[in-house]
Amino acid sequence: MANTKKRCRHCKEFVLAESGVTVLLGFFCNRDHALEHQHTKAMAAVSKMRAKAIQLAKKDIKDRKQAIKSLGELHKEAQPEFNKYIRLRDRGQPCISCQKHTDRQMHAGHFFSVGSTPELRYTERNVHLQCSICNNHLSGNQLRYRANLIKKIGLEAVEELEGPHDPAKYNRDDIMAIKAKYKLKNKELKAQQGLL
Ligand SMILES: [Zn+2]
Ligand SMILES: [Zn+2]
């Protein structure tokens, strides 16, 4: 046993067991290495705690920011997520209005606009892939939109969209839930379509 060598946990060197020291943290070639090792460990623990505290503070700020957002601001986050879903759902299809395939950026075009009919702003049947010309310049190309929408979802469903609706009443939780729902759906659709 006299010549047994042990490895110092700090410098990783093998030294004679009797020449080193054994403390709570293990074996070290000398007391300095034991102290240095202890110090390094303590510093690592401190920076880990500091990182955790920063992370918590950031989350807290995020939560507070979320809590003071207006409904309009929340809609501004949820609507793009919903619209993205429509573009993914209808990917490869022609414009709902002019029936053209185009290389242009396609939009999610509301049949009943968000402004006129907010209660249908997140209704999937009310929103379809539309080219930017029809969407931006032809005010939705509404007559052709309706004709093709009937072909796509049926007259009954179109008349249901045109029929009376309960007024829109979204609270904060509703809007945040819509955003979360479509974020998830988009992830799934992207994966299905091999876009991830
Ligand atoms: Zn050492
Ligand atoms: Zn079009």
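Residues numbered from 1 in each chain as written. Chains lettered and ligands numbered in written order. Predicted model: local features only at pLDDT ≥ 70, side-chain atom pairs only at ≥ 80, totals over all residues. Heavy atoms only, no water.

## A word on the coordination of the zinc ion (ligand 2)
- Within the protein, C95 (SG), C98 (SG), C131 (SG) and C134 (SG) serve as the donor atoms for the zinc ion (ligand 2), at 2.3 Å.
- Around the zinc ion (ligand 2) sit four donor atoms; with metal-centred angles ranging over 104 to 114°, the donor geometry is tetrahedral.
- Each donor residue of the zinc ion (ligand 2) lies on one chain, and together they are spaced C-x2-C-x32-C-x2-C.
- Look at C95 and you get buried, because its relative accessible area is 0%.
- C98 sits in the buried class, given a relative accessible area of 13%. (Donors = N, O, S within 2.8 Å, 3.2 Å for Na, K, Ca; no water. Tetrahedral: all angles 85-135°; square planar, octahedral: opposite > 155°, others 65-115°. Buried < 20%, exposed > 50% of the residue type's maximum accessible area, 1.4 Å probe, protein only.)

## Considering the packing of helix 4 (residues 142-153) against helix 5 (residues 155-162)
- Look at helix 4 against helix 5: their axes get within 7 Å of each other, and the N-to-C directions meet at 125°. Classified by the angle between their axes, helix 4 and helix 5 sit oblique to one another. For the pair helix 4 and helix 5, the contacting residues are R146, L149, I150 and I153 in the first and L155, A157, V158, L161 and E162 in the second. (Axes fitted to C-alpha atoms, helices over the stretch in contact; angles between N-to-C directions. Helix = DSSP H or I, 4+ residues; strand = E, 2+ residues; numbered from the N terminus. Parallel < 35°, antiparallel > 145°, perpendicular 65-115°, else oblique. Contact = heavy atoms within 4.5 Å.)

## Topic: the coordination of the zinc ion (ligand 1)
- Distances from the zinc ion (ligand 1) to its protein donors, C8 (SG), C11 (SG), C29 (SG) and H33 (ND1), fall within 1.9 to 2.4 Å.
- Considering all four donor atoms around the zinc ion (ligand 1), angles at the metal cover 96 to 120° and the coordination shape is tetrahedral.
- Along the chain, the residues donating to the zinc ion (ligand 1) are arranged with the sequence spacing C-x2-C-x17-C-x3-H. Of the two residues, C8 sits in the loop between strand 1 (5-7) and strand 2 (14-16) while C29 sits in the loop between strand 4 (26-28) and helix 1 (31-67), which places them 21 residues apart along the sequence. The burial state of C8 is the same as that of C29; both residues are buried.

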